[in-house]
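Summary of structural features
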Amino acid sequence: MPEVVSTVRRSRNSHGQVVEEIGTAIVAGEFPVGSVLPGDVELAQRFGVSRTVLREAMKTLTAKGLVVPKARIGTRVTDPQYWNMFDSDVLTWHFEAGVSEEFLLNLYDIRMAFEPAAAELAAERAGPDEIEGLRQLADDMGKPGHTIESLALADLRFHLALANASGNPFMRTLGSLIKAALVGAFKMSSEPVVGRRGPEVRSSHMAIVDAIAARDLEAARKAMVNVISVGRERARATHVTQHSG
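For clarity, every value in this text was computed on a predicted model and none was experimentally measured. (Residues numbered from 1 in each chain as written. Predicted model: local features only at pLDDT ≥ 70, side-chain atom pairs only at ≥ 80, totals over all residues. Heavy atoms only, no water.)

Below, the discussion takes up the packing of helix H5 (residues 88-97) against helix H6 (residues 101-125). One can describe the packing of H5 onto H6 by two numbers: an axis separation of 11 Å at closest approach and a directional angle of 150°. Note that H5 runs across H6; the crossing there is left-handed. Between H5 and H6, the contacting residues are Leu91, His94 and Phe95 on the first element and Phe103, Leu104 and Leu107 on the second. Its residues placed into classes, the contact of H5 with H6 shows five nonpolar, one polar and no charged. (Axes fitted to C-alpha atoms, helices over the stretch in contact; angles between N-to-C directions. Helix = DSSP H or I, 4+ residues; strand = E, 2+ residues; numbered from the N terminus. Left-handed = near helix turned anticlockwise from the far one by under 90°. Contact = heavy atoms within 4.5 Å. Nonpolar A, V, L, I, M, F, W, Y, C, P; charged D, E, K, R; others polar.)

Non-glycine residue Arg72 carries a positive phi angle of around 65°. By secondary structure assignment, the location of Arg72 is in the loop between strand E1 (67-70) and strand E2 (74-77). We classify Arg72 as exposed; its relative accessible area is 87%. A positive phi angle, near 60°, is found at Arg215, a position not held by glycine. Looking at the element boundaries, Arg215 is found in the loop between helix H11 (194-213) and helix H12 (217-242). (Buried < 20%, exposed > 50% of the residue type's maximum accessible area, 1.4 Å probe, protein only.)

Attention shifts here to the pattern of salt bridges. Taken as a whole and judged by the stated rule, the model has twelve salt bridges. Close ionic contact of Arg46 with Glu42 constitutes a salt bridge, the shortest N to O distance being 3.5 Å. Separated by four residues within a single helix, Arg46 and Glu42 lie in helix H3 (residues 40-47), roughly one turn from each other. Judged by relative accessible area, Arg46 falls into the partly exposed class, the value being 47%. Across the pair Arg232 and Glu233 runs a salt bridge whose closest N-O atoms are separated by 3.6 Å. On the basis of relative accessibility, which here comes to 42%, the residue Glu233 falls in the partly exposed class. Each of the salt bridges in this network shares a partner with another, and the network as a whole consists of Lys64, Asp87 and Asp89. (Salt bridge = Lys/Arg side-chain N within 4 Å of Asp/Glu carboxyl O.)

Inspection of the secondary structure puts Asp155 in helix H8 (residues 148-165). C-alpha separation for the pair Asp155 and Val201, spaced 46 residues apart in sequence, amounts to 8.3 Å. Ignoring any residue separated from it by four or fewer positions in sequence, one finds Asp155 in contact with Met141, Leu182 and His205.

With that settled, the discussion passes to the confidence of the model for the chain. Predicted coordinates in areas of low pLDDT are best not read in detail. Looking at the chain, the pLDDT average stands at 86 and 87% of residues meet or exceed 70. The element-level mean pLDDT for the chain is lowest in helix H1 (residues 2-11), coming to 38, with helix H7 (residues 128-140) highest at 97. Long-range and interchain partners of residues 1-11, a stretch whose pLDDT sits below 50, account for eleven contacts in this model, where long-range means more than four residues apart. (pLDDT = per-residue confidence, 0-100.)

Geometry of a packed helix pair, given as the angle between the helix axes and the separation of the axes. In contact at an axis separation of 9 Å, helix H2 (residues 14-27) and helix H4 (residues 51-63) are set at 50° when each is read in the N-to-C sense. Classified by the angle their axes make, H2 and H4 are oblique. For H2 against H4, the interelement crossing comes out right-handed. For the pair H2 and H4, the contacting residues are Ser14, His15, Val18, Val19, Ile22 and Gly23 in the first and Val53, Leu54, Glu56, Ala57, Met58, Thr60 and Leu61 in the second. Each residue belonging to the contact of H2 with H4 can be placed in one class, and the counts come to eight nonpolar, four polar and one charged. (Parallel < 35°, antiparallel > 145°, perpendicular 65-115°, else oblique.)

Looking now at the packing of aromatic side chains. Inspection of every chain in the model, using the stated rule, returns one aromatic pair. Ring geometry for Phe95 against Phe103: centres 5.8 Å apart, planes inclined by 85°, an arrangement best described as edge-to-face. Overall, the relative accessible area of 13% leaves Phe95 in the buried class. On the basis of relative accessible area, Phe103 is assigned to the buried category, the value being 15%. (Phe/Tyr/Trp six-rings, centres within 6.5 Å; stacked < 30°, edge-to-face > 60°.)

So this is what it looks like as structure tokens:
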């Protein structure tokens, strides 16, 4: 997954680079809430871009809710309550800046609100090919030789495929939340536990697939609740361990 992320970043154009650098700085607090960003000339020189590119970057950050332009004042950093937390970039910037236990648990709360419903919908609507695809993805998690990175990627593929199998386009848009939670857990995991986790993760996800195949909506919901609950507790325990002592 780090290789994938770095490749994406290298391929970004100057607009994307400016958005990422300023966005990361805002989330990390380098540009505090309520502060006014440096002027266009200074920022354009800092990033080596034209003022046109800079203005487009500011429009993107405004759309994400991180800044708001004020006439005769400048571009002001907004309060986090206005940030679009469903935006994949905003979520990624939070993990890069370092997240609190509260942030992690809030993220799992949102997953708990939506993903069990997605599992129910998949049990009702998923076609045979989609179910078989989910079964293969769940089985992949139990294969030997997984690293933390490859297991996290297999987990991500399963949950994104399930969101698609729900047949609800709104569920598909939650992919950024799912990705942030799983990538965040990946970043905070430790290598020695991978070998023991693969079969466990496979089993819990296969329970979701079996319920979907049986068209058992309630069982599919419960199986997903179990998966998210385990992930939530693991993330919480890992975060506590890393911040103790």
